[in-house]
Amino acid sequence: QVTFSGKVLDQNNVPLPGASVVAKGSANGVATDFDGNFEIELPGGNEILVISYIGYIAQDFDTAGKSNATIVLREDSQLLDEVVVTALNITRDEESLGYSVQKVAGEEISQSTSTNTVSTLSGRTAGVQVVTNGSGPGQSSSVVIRGYSSMQGDNQPLFIVDGIPINNNTDTRTNTLGGASNMNLDYGNGAAEINPNDVESISVLKGANATALYGSRAANGAVIITTKSGKGRKGGISFSSKTTFESVLKAPEYQGVYGQGKNFDFQFVDGYGSGTYDGVDESWGPLLDGTLRAQHDSPTSNGLRGGDVHGLDYVLGSSGVDLDRRGTITPTPFVYGGNPAEEFMETGRTLINTVSFYGSNDNGNYRVSYTNLDNKGIVPNTDIKRNTISASGDYQITDRLKVSSKINYIRSDSDNRHVNGYGTESVMYLFIWWGQQVNVNSLRNYWQDGLEGFQQFNYNYNYHDNPYFTMYENTNGLAKDRIIGNLSATYDISNDFKFMLRGGRDFFSEYRFIKRAYSTQRFPNGQYREDKINFQETNLDFLLTYDKNVTDKFHVNANFGGNRMVQKNHFNSLMANKLLIPGIYSFSNVDGALVQRTSRPEKQINSLYAFAQLGWNNSIYLDLTARNDWSSTLPEQNNSYFYPSASLSVVLSDLFDFGSQDVLSFAKLRGGWAQVGSDTDAYRLSDFYALGTPVGDNPTASPSNTLPNFDLKPEIQTSYEFGTDLRFFNNKLSLDATYYNTVSRNQILDIDLPITSGKTARTINAGKIRNQGLEVMLGVNPIRNEDFNWNSSFNFGLNRNRVLELADGVQRYQYGGNGISLIAEEGGSLGDMWGTGLVKVEDENSPYNGQVIFNEGLVQQDNTLRKLGNFNPDFTLGWNNTVTFKNLSLNFLFDWRQGGELLSRTRLIAATSGNVVETLWGRSPEYGGPHPGISDSGLSYTNDDGVTQTDGIIGDGVKLQDGGYVPNDVIVPANAYHNNRYRRDNDTEGIYDATFIKLREARLTYDFPTKLFKGDDIKKLSFSVIGTNLWLWAKDFNHGDPELLSFGGGSYVPGVENATVPTTRSLGFAINVEF
Amino acid sequence: CDKFDVSNENPDVALNINQNPELLLTNLQRRSIREAVGGSWSEGNLMGQYGARIVFTSFDLFDWGDQGGAWNDYYYAIRDAKELEELANETDLKSYVAVSKIMQTWAYSILTDMWGDIPYSEVNQASEENYTPMYDEQEAIYTDMLAELATANTLLSGANLTQIKGDLLFDGDLEMWRKFANSLRMRLALRLSEVSPSVASEVIAEIYNNPGQFPIMESNEDNATLTFLAANPDAHPVTEESVYRVGSYNEYRISEHFVTMLEGLKDPRLEFFADPTTNSVEQGTPEIVGMLNGVVDGPAYTYQGGDAFLSKFNIDYFYFQPNTNQARLMLYSEVQFILAEAAQRGWINADAQTFYEKGVTANFEYWGVDLPADYLTSSGVAFDNSLETIMTQKYINLFYTDYQGFIEYKRTGFPATIEPGPDAFYDVYPSRFEYPSNEESLNNANYTEAANRIGGDQITTKVWWEN
């Protein structure tokens, strides 16, 4: 037995950490440490070592006569080892692919500061758009690859974990099947539950060529997640810990100058309107100048607060105000209460700790990990806790039979998830309607004195809930058990034939617990509700593979396979919409009848497919695929559909001699054509009666609103793409560019009908939508030497969408909206936002063309729908950098989004309530009012009642006079002007350019030199400081992060911000140790 | 491969409800009557100047917007009613056929009175591939509505009628339905007083002169009213129980116009309809003060000193109690005013004054307000055989009853005291709602034809009967 030690370097003498050193023909192997050093015991005396490292040419090294050596590996300029995971989890050399697949390495994901696996794709992948609803591990992320192609589908890619499709739904049935007045709740999307620390790599399959083998369900692309295994790793333990602290990235810009009230006046009496404008929830009141005024939190003669207005015998259903008990209010200074969103939100905290054990030998490998995620949100009293156990193993049972299995158990718990959107249950809504003098801290003690559990305390009782009351009493809990697992067996029938069988299942049981306390605006007598989701999807696959090098140069790989997918997605909701006893959240405590809702879709797809790859001389590859699906959701005559694909890859640098690799190191051209068909949702083929809520004892039913199509056909998407992969200067510069063109036909649409026809929609196959775009990935390695390395990559994506055809006789098709309408029309594009605006001069001959026409000094609404913009960006660019200096590395990622529009409902509505900065205009001479243009007005004027005023606005525009236009000269109060201009239907007044640049992630890591731990078993130790969303520049939008989206009516609505909780900035640190 | 282990039949819906037509009846009644009540609170009371807004006053300035919600609700109810009628015809359940026709006609009458020409004869034909129903002229719609109600009356006069279930309005009492049908037929006939007085007089005389064949409402017992339930979701929609926020309720105040009228008549119903202002109660001198219609935001909120100086609608009766305030489709008292007008016009041979006084008395009785001994002889109330006097009392009678107060004002011009507010966008009082934008986009050809035919889709365009 000898001990051999050495060091592995690259050509530039840079150490290669993690290189594999194996005694040839044995399982005896080690990996190099951070400095490239290794030490290996050789029981059989001196042997031959095989030294390998990804991207480098493996080398045999004869140790005979030596006890140590420095070994230099040469970079493999042809990158033959660059493998990616493709459809059906088949690992392929990237150079053999005729289509674009983008890979994100596991380190990028596990070390990313994002706690959400899906969010890490943002900026790291070209042509992939990720938008999140707020921030944090519990919130949904929406992923769209190569643009929106379907008007009615969800446009989300298929998520695959270890070969098994998983559920990525954002299940919004709590919102759409409620029946009661609960508002939009986001319980997150399925793929976000995949633990980032367990991810080995992610492959993003963008086009139909890449996804053809997945068929229907991957028509919008596929995100293939491979989780870690113990393969090729010596036994060990690793531990990683990440701690981050979150805060509001950007809050709406409130005005902070004038307080609650109207007409520059305010005095609190009871918050119901008995005082001076104390019933309003608007800030048109007096200057916040410290004047003493009675307020809801002013002390009273009886030692209570001004807002403790209700009597102890107060019974809901009567006004119940007892001001004698409350006592007289001692006025307190009327001052700005601070930006309520910033004051209310707390510092969030996320802890993620993972420990994993792994190992391997000749016959197999294993890995077991446990992760604990503990998140406390920025919204008070919100959290998410997630415990994940992941286990994987491979075992070679005989020479021919290998089995492998991976299983993930994920338990998610939350005491409370916050509501997002416009309405009284949402805290951001509460700050749209607000008094600027209200300091949120005055509301922390949220019960009225003596009425604990019964009546909340607030600054206004006419409309609103106290935000602390909302967050601490009206909770939305979650308990979810999920298991994602698979078992597969591969049998080598002969040298050329092998057969694989695999079964996988994703199933979960999810409970949502919704509580509403007494005195809640929407539930004066409280509510208790439980929603239960039982989901299961089972996939069974077989695959027969023939793989042979027919000649030296000709290689064939042919496959035949099948899949059977059964999905059951049951939802059951039970509601007690009125409670007898306050604070008892039980169905036995119901006053009246319980309300139940169910939805139980089930579907099945059976598939057979074949695919082959023909390779010549490792430089030309032809891929052919064919698949047939049978879906249970389509009518019998149309439920079978076939689609093929073909793609070609040519490695030019292998075929031709381009001379020195110092200039052009590698060149490849690729191209492909593909079709994908897709089915629809379950239960769309019948005309039925929906059973409704009974009226007392009388049951109800109503005919369905959608006229079904009994001859529904599958949607078909046809696409082609071509691209190139070029590398220069010994790979210091790489360029990967793809052009794609996808046309979706026969879309399954519910075309709106006028209700006068008896239905509100009919299902048809129609439409033709084209997406074409460009994806460019540019990699640069400008500096590389022993101490210093800088890697930089750019991900550029550009997509153009065009609606080529709609249905016959349909000019416009509305497929969604929230405030604005998402409308498709021929020649337009998906994502076009339509809305209404102001009446303007429409006369090209008029000098006033385009100006607003005022009536009595007020704008007028023009109900005609017009196109206001498109929520899709003109392009996106991510810039990802890794700079390494000795043991220190810095990683930072910039995201630039150019163009696209955003509608801010916060601006529109908080301007009618006088709470945002826009509404200062016209309130006093200091803020531009009254309009200086008025004759002899100076800074004051006399109104119709003979009162001298210093506020007011003369809107810029014209008015009608004697049949023509003259400049508007009518002065109106600021309140009237803003109320009218920013009416929530005046969408034009709330539209912004959504352009932004963000420093999305930054990470500084120090790798401790392992020599520090000589004698110990620590193989690796690193410490990182990490941050997310550290810097934001928004071109236009002043009320938050332009990346916000809204969540309404059961789907995401991009391009609209609607009282969405702000996104977060996070800062923290991470520690990684390997033993 | 085309064999599946799952079914594509939704387990949570019914494909056939032939044995339970009442499911449709309850559903359509709930939907349309809740709409009527909601619409009468938020729009009807403003258009009729019973109430006025103190904030967000644009509706009160005649920015009436897209009343697509109301349109949809009535057409949903009509859709259900037509399905019910079809189902009942198949199984020969005449009572359901009649009740369906009456509910349809009631809903259609509100639609055509508020919009003018509307889809009528081609409604509900999506299953026959007619996705864009044409608009019928109002005259033809009126002719058919009157005929439908006559048919309903005939059907309900038959023997051995099947008992109906699920009836929220009359709890299955078919005689009450018959009275409602004939009374409603008189209301609709009267609507034609200016454009087609001969039809109006003929129909009303026919009904009045043949009480055996055409029974009508005879007392408040026969009122077509719905009492809501005490609990959500079927409490009165404008109450605390229905999560209508008190702040929203308080945005509406009794109108100066209505207060002035009732004070002028020394009408004690005022104290029932309205609460004294918060401020006056605090001062110990309770008084009722109305809000002026049609004042722009800002000034509106400071009118008379602000919200503490303006009266709310009786908040205990109309808001805090979940079901005291009924939905009024038609009251017995209205029938008396119709007869009074018919007599005054000489269409029937009877004493107008008797009907008039019965109408007033019945309305006091309905609200539970004591009729002062001298009320019927006091100035402005005492019968003087003028249409104005009848219409004044009828207007009070139509308080909070869908859009009826406004509609009758447009027919007769009474009360003449109704006029556009100081900041209103039009000098003339508007007549109708614009067609919903959904019709403009989804049924464009028919919409355009109708809009041109009625003289433009504006709120100031008069409907046919208003001429």
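Note that the coordinates shown come from a computational prediction; the quantities given were computed from them, not determined experimentally.

1. Points about the overall build of chain A
Looking only at helices and strands, chain A features ten helices and 58 strands. For chain A, buried positions account for 60% of its 1075 residues. Intrachain contacts of chain A at a sequence separation of at least 6 include 69% that bridge at least 24 residues. Accessible surface for chain A amounts to roughly 39,000 Å². Of this, 52% is attributable to carbon and sulfur atoms. Computed over 89 positive and 120 negative side-chain charges, the inter-centroid distance for chain A is 5 Å.

2. Some thoughts on the overall build of chain B
Looking only at helices and strands, chain B features 18 helices and seven strands. For 467 residues, the compact-globule estimate of 2.2 N^0.38 gives 23 Å, and the C-alpha radius of gyration of chain B, at 23 Å, lies within 12% of that figure. Averaging the coordinates of the 29 positive side-chain charges in chain B and doing the same for the 71 negative ones gives two points 2 Å apart.

3. Section: the pairing of strand 16 (residues 222-227) of chain A
Both faces of the sheet carry side chains from a regular strand, because those side chains alternate between them. Residue and element names in this part refer to chain A. Burial analysis of strand 16 places six of its six residues in the buried class, which makes it a mostly covered element. Burial along strand 16 is two-sided: Ala 222, Ile 224 and Thr 226 facing one way and Val 223, Ile 225 and Thr 227 facing the other are all buried. Pairing between strand 13 (residues 158-161) and strand 16: four bridges, direction parallel. When the bridges of strand 16 are listed, Phe 159 appears paired with Val 223. Note that strand 15 (residues 199-205) and strand 16 share six bridges and pair antiparallel. Bridge pairing in strand 16 links Val 199 to Thr 227.

4. Notes on the nonpolar core
In this structure, Phe 431 of chain A together with Trp 106, Trp 177, Phe 180, Ile 204 and Phe 273 of chain B are the most contacted members of the largest nonpolar core, which totals 220 residues. Considering every element that reaches this core, the biggest residue donor is helix 3 (residues 94-115) of chain B, with 13 residues. The contacts of Trp 177 of chain B, once residues within four sequence positions are left out, are Gln 29, Val 99, Ile 102, Met 103, Leu 156, Ile 164, Asp 167, Leu 169 and Phe 170 of chain B.

5. Topic: helix 4 (residues 138-156) of chain B
Residue and element names in this part refer to chain B. Counted at 1.5 Å a residue, the expected span for helix 4 with its 19 residues is 27 Å, and the 27 Å between its end C-alpha atoms agrees. Restricting attention to buried positions, one finds in helix 4 the residues Gln 138, Ile 141, Tyr 142, Met 145, Leu 146, Glu 148, Leu 149, Ala 152, Asn 153, Leu 155 and Leu 156. On the buried face of helix 4, the contacting elements are helix 3, strand 3 (118-119), strand 4 (135-136), helix 5 (174-190) and helix 6 (197-209).

6. Some words on the sheet that holds strand 41 (residues 820-825) of chain A
Working definition: the strands of a sheet are paired by backbone hydrogen bonds and lie parallel or antiparallel to each other. All names here are of chain A. Strand order in this open sheet of four strands is 40-41-42-44, and the pairing throughout is antiparallel. A single partner strand is all that each edge strand has here, and the edge strands are strand 40 (812-818) and strand 44 (861-870). When the angles between neighbouring strand axes are averaged without regard to direction, this sheet yields 40°. In the sheet, strand 40 pairs with strand 41 via six bridges, with the strands oriented antiparallel. Paired with Gly 817 across the two strands is Ser 821, which belongs to strand 41.

7. Comments concerning the environment of Ile 407 of chain B
Residue and element names in this part refer to chain B. Within the element layout of this structure, Ile 407 appears in helix 16 (residues 404-412). Judged by its relative accessible area of 0%, Ile 407 falls in the buried class. Separated by 41 residues in sequence, Ile 407 and Tyr 366 have C-alpha atoms that sit 22 Å apart. What Ile 407 contacts, discounting residues up to four positions off in sequence, is Asp 113, Met 114, Arg 191 and Trp 465.

8. Quick look at the sheet that holds strand 57 (residues 1056-1057) of chain A
Residues and elements named next belong to chain A. Spatially, 52-47-57 is the arrangement adopted by the three strands of the open sheet, whose pairing is mixed. The sheet is open, and its two edges are formed by strand 52 (991-993) and strand 57, each paired on a single side. Summarising the sheet, strand 47 (residues 901-904) and strand 57 pair through two bridges and their orientation is parallel. Looking at the pairing, Ser 904 lines up with Glu 1057 of strand 57.

9. A few points about the packing of helix 8 (residues 256-264) of chain B against helix 15 (residues 387-397) of chain B
Residue and element names in this part refer to chain B. The contact between helix 8 and helix 15 brings their axes to 12 Å, and the two run at 125°. As the angle between them shows, helix 8 and helix 15 are arranged oblique. As helix 8 runs across helix 15, the sense of the crossing is left-handed. Counting all contacts with helix 8, which are made through His 257, Phe 258, Met 261 and Leu 262, the residues of helix 15 involved are Thr 392, Tyr 395 and Ile 396.

10. Some thoughts on the pattern of salt bridges
Under the defined criterion, the tally for this structure stands at 75 salt bridges over all chains. Across the pair Lys 402 of chain A and Asp 394 of chain A runs a salt bridge whose closest N-O atoms are separated by 3.9 Å. Overall, the relative accessible area of 31% leaves Lys 402 of chain A in the partly exposed class. Take Asp 394 of chain A: its relative accessible area is 19%, and that puts it in the buried class. With its nearest N and O atoms 2.7 Å apart, the salt bridge here joins Arg 411 of chain B to Glu 408 of chain B. A residue pair is termed a helical-turn pair when its members lie 3 or 4 positions apart in one helix, as Arg 411 of chain B and Glu 408 of chain B do in helix 16 at three residues. For the pair Arg 411 of chain B and Glu 408 of chain B, one class covers both residues: buried. It is possible to trace a salt-bridge network through shared partners that takes in Asp 113, Arg 191, Glu 194, Glu 341, Arg 345, Lys 394, Glu 408 and Arg 411 of chain B.

11. Some points on the domain arrangement of chain B
Residues and elements named next belong to chain B. As assigned here, chain B comprises domain 1 (66-217 + 431-462) and domain 2 (253-430). With centres defined by C-alpha atoms, the gap from domain 1 to domain 2 works out at 27 Å. Residue-level contacts link 28 residues of domain 1 with 28 residues of domain 2. Carbon and sulfur atoms supply 74% of the area buried between domain 1 and domain 2, which totals about 2,600 Å² over both sides. The largest contributions to the domain 1 side of the interface with domain 2 come from Arg 187, Leu 190 and Met 217, which together make up 24% of the buried area. Run the count over domain 1 and domain 2 and you get three salt bridges.

12. Describing the interface of chain B and chain A
The extent of an interface is frequently quoted as the accessible surface area lost upon association of the parts. With 81 residues of chain B at the interface, the matching set in chain A holds 83 residues. Taken together, both faces of the contact between chain B and chain A bury some 6,600 Å²; the carbon and sulfur share is 58%. When the buried area of chain B at its contact with chain A is split by residue, Asn 8, Tyr 131 and Arg 245 of chain B rank highest and sum to 10% of it. Linking chain B with chain A are four salt bridges, by the criterion used here. There are 26 residue pairs in polar contact (both at pLDDT 80 or more) connecting chain B and chain A. Looking at the side of chain B that touches chain A, the elements with two or more residues in it are strand 1 (13-14), helix 1 (22-47), helix 2 (68-90), helix 7 (246-249), helix 10 (278-283), helix 11 (299-302) and helix 17 (437-442) of chain B.

13. A look at the packing of aromatic side chains
Scanning the entire structure with this criterion turns up 97 aromatic pairs over all chains. Both rings, one in Phe 62 of chain B and one in Tyr 429 of chain B, keep their centres 5.0 Å apart while their planes meet at 75°; by these two values the pair is edge-to-face. With Phe 62 of chain B in the loop between strand 2 (51-53) and helix 2 and Tyr 429 of chain B in the loop between helix 16 and helix 17, this residue pair connects regions lying 367 residues apart in the sequence. The ring of Phe 508 of chain A has Lys 480 of chain A sitting right over it, with the charged end atom 4.1 Å from the ring centre.

14. A few points about the side chain of Glu 241 of chain B
For Glu 241 of chain B, the location among the structural elements is in the loop between strand 5 (224-226) and helix 7. Here the side chain of Glu 241 of chain B touches Asn 232 of chain B through a polar contact of 3.0 Å, landing on its backbone nitrogen. In this structure, Glu 241 of chain B is in contact with Asn 525 and Lys 578 of chain A together with Ala 230, Ala 231, Asn 232, Ala 235 and Pro 322 of chain B, ignoring residues within four places of it in sequence.

15. Section: the packing of helix 4 of chain B against helix 5 of chain B
Residue and element names in this part refer to chain B. At a closest axis distance of 9 Å, the pairing of helix 4 and helix 5 adopts a crossing angle of 160°. Between helix 4 and helix 5, the crossing angle belongs to the class labelled roughly antiparallel. The two elements helix 4 and helix 5 cross, and the hand of that crossing is left-handed. Two secondary-structure elements touch here, helix 4 through Tyr 142, Met 145, Leu 146, Leu 149, Ala 150, Asn 153 and Leu 156 and helix 5 through Leu 174, Trp 177, Arg 178, Ala 181, Asn 182, Leu 184, Arg 185, Leu 188 and Ala 189.

The rules behind each value
- Residues numbered from 1 in each chain as written.
- Chains lettered and ligands numbered in written order.
- Predicted model: local features only at pLDDT ≥ 70, side-chain atom pairs only at ≥ 80, totals over all residues.
- Heavy atoms only, no water.
- Helix = DSSP H or I, 4+ residues; strand = E, 2+ residues; numbered from the N terminus.
- Buried < 20%, exposed > 50% of the residue type's maximum accessible area, 1.4 Å probe, protein only.
- Contact = heavy atoms within 4.5 Å.
- Areas by Shrake-Rupley, 256 points an atom, 1.4 Å probe, with all protein chains shown as cover.
- Lys, Arg positive; Asp, Glu negative; His and termini not counted.
- Charge placed at Lys NZ, Arg CZ, Asp CG, Glu CD.
- Rg over C-alpha atoms; globule rule 2.2 N^0.38 Å.
- Pairing = 2+ DSSP bridges.
- Core = buried A, V, L, I, M, F, W, Y, C linked by side-chain atoms within 4.5 Å.
- Expected span 1.5 Å × (residues − 1).
- Axes fitted to C-alpha atoms, helices over the stretch in contact; angles between N-to-C directions.
- Parallel < 35°, antiparallel > 145°, perpendicular 65-115°, else oblique.
- Left-handed = near helix turned anticlockwise from the far one by under 90°.
- Salt bridge = Lys/Arg side-chain N within 4 Å of Asp/Glu carboxyl O.
- Domains from an automatic or database assignment.
- Buried area = accessible area lost by both parts, 1.4 Å probe.
- Polar contact = N/O pair within 3.5 Å; in protein donor to acceptor, adjacent residues only side chain to side chain.
- Phe/Tyr/Trp six-rings, centres within 6.5 Å; stacked < 30°, edge-to-face > 60°.
- Lys NZ or Arg CZ within 6 Å of the ring centre and 35° of its normal.

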